[in-house]
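Structure assessment
If you want the building blocks of each chain, they are given just below.
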Amino acid sequence: MATEISLQELARTPGVIGAARWKASQYNTNMAAAPVLVESAGDIDNARAERLVNNAEVAGMSVMGVGMLNKTNNPGDKRNVFPIDSYYINGQDTSMIATFNRVAVLLDNGVDYEVREIIAMMNQIGN
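Keep in mind it's a predicted model, so treat the numbers as computed, not measured. (Residues numbered from 1 in each chain as written. Predicted model: local features only at pLDDT ≥ 70, side-chain atom pairs only at ≥ 80, totals over all residues. Heavy atoms only, no water.)

Some words on the sheet that holds strand β1 (residues 16–23)
If you trace the 5 strands from one edge of the open sheet to the other, you get β2-β1-β5-β4-β3, paired in antiparallel fashion. On the outer flanks of this sheet lie β2 (36–42) and β3 (86–89), each paired with one strand and no other. Ignoring strand direction, the axes of neighbouring strands in this sheet form an average angle of 15°. As paired elements, β1 and strand β5 (residues 103–108) share 5 bridges and run antiparallel to each other. Residue pairing in the sheet places G18 in a bridge with L106 of β5. Running at roughly 40° to strand β4 (residues 94–99), helix α3 (residues 115–122) makes contact with β1, β3, β4 and β5 of the sheet. (Pairing = 2+ DSSP bridges. Helix = DSSP H or I, 4+ residues; strand = E, 2+ residues; numbered from the N terminus. Axes fitted to C-alpha atoms, helices over the stretch in contact; angles between N-to-C directions. Contact = heavy atoms within 4.5 Å.)

Description of the packing of aromatic side chains
In this structure the tally under the stated criterion is 1 aromatic pair. Ring centres of Y87 and F100 lie 6.0 Å apart, and the angle between their planes is 50°; on these two criteria the pair is classed as tilted. Residue Y87 is found in strand β3, and its partner F100 is found in the loop between β4 and β5; the two are separated by 13 residues along the sequence. Judged by its relative accessible area of 9%, Y87 falls in the buried class. Given the relative accessible area of 29%, F100 is considered partly exposed. (Phe/Tyr/Trp six-rings, centres within 6.5 Å; stacked < 30°, edge-to-face > 60°. Buried < 20%, exposed > 50% of the residue type's maximum accessible area, 1.4 Å probe, protein only.)

Digging into the environment of E50
Structurally, E50 can be placed in helix α2 (residues 46–73). Sequence separation between E50 and L37 is 13 residues, and the spatial gap between their C-alpha atoms is 6.2 Å.

Observations regarding α3
Along α3, the residues classified as buried are I118, I119, M121 and M122. The arc that holds the buried residues of α3, viewed along the axis, is 160°, so those residues lie on one side. Every exposed residue of α3 that faces more than 90 degrees away from the buried side is listed here: R116 and E117. Each element contacted by the buried residues of α3 is listed here: α1 (7–11), β1, β3, β4 and β5. (Arc of directions from axis to C-beta.)

So, the pairing of β5
With respect to burial, β5 is a largely interior element, 5 of its 6 residues being buried. Two elements, β4 and β5, share 6 bridges in a ladder whose sense is antiparallel. Its bridge partner lying in β5, T94 is registered against D108. Linking β4 to β5, which pair antiparallel, is a turn of 3 residues; within it R102 sits at a positive phi near 60°.

Let's talk about the side chain of T99
Along the chain, the position of T99 falls in strand β4. With relative accessibility at 2%, the residue T99 sits in the buried group. Among the polar contacts listed, one links the side chain of T99 to the side chain of N101, at a separation of 2.3 Å. (Polar contact = N/O pair within 3.5 Å; in protein donor to acceptor, adjacent residues only side chain to side chain.)

Details of the nonpolar core
Formed by 17 residues in total, the largest nonpolar core has its most connected members in L7, L10, I97, V105, L107, I118 and M122. Elements that contribute at least two residues to this core include exactly α1, β1, β5 and α3. At 4 residues, the largest contribution of residues to this core is made by α3. Sequence-distant contacts of I118, that is, excluding residues within four places in its chain, are made with L10, T13, V16, I97, V105, L107 and Y113. Residues W22, I44, L52 and A56 belong to the second largest nonpolar core, which totals 13 residues. (Core = buried A, V, L, I, M, F, W, Y, C linked by side-chain atoms within 4.5 Å.)

Below, the structure written as structure tokens:
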């Protein structure tokens, strides 16, 4: 298993503007609740980090739902998209990667970075 790294170390990776990690809300009702920001690093303020984790959590639910439906509807099909450990959303100026250990990064598209290397680092963060 790879050595665990810190969110600050991830945020120092070329191309990473900022990073955040979060946890699911703890609630005692059947109502949806926003995720809880645990930590952020890099060149993003708290408000931007909270927007990042909110967006990542909502998009992640959709991605995981598609993966689960695909696996459930045809479990013998080895071409299905499950298991999923991350997803990447490409924008014009910035992009986002989120992993299912609830870590997200905001990326500067003006910098050359390797998506798979960043995802591998994100999966090394204990959360």
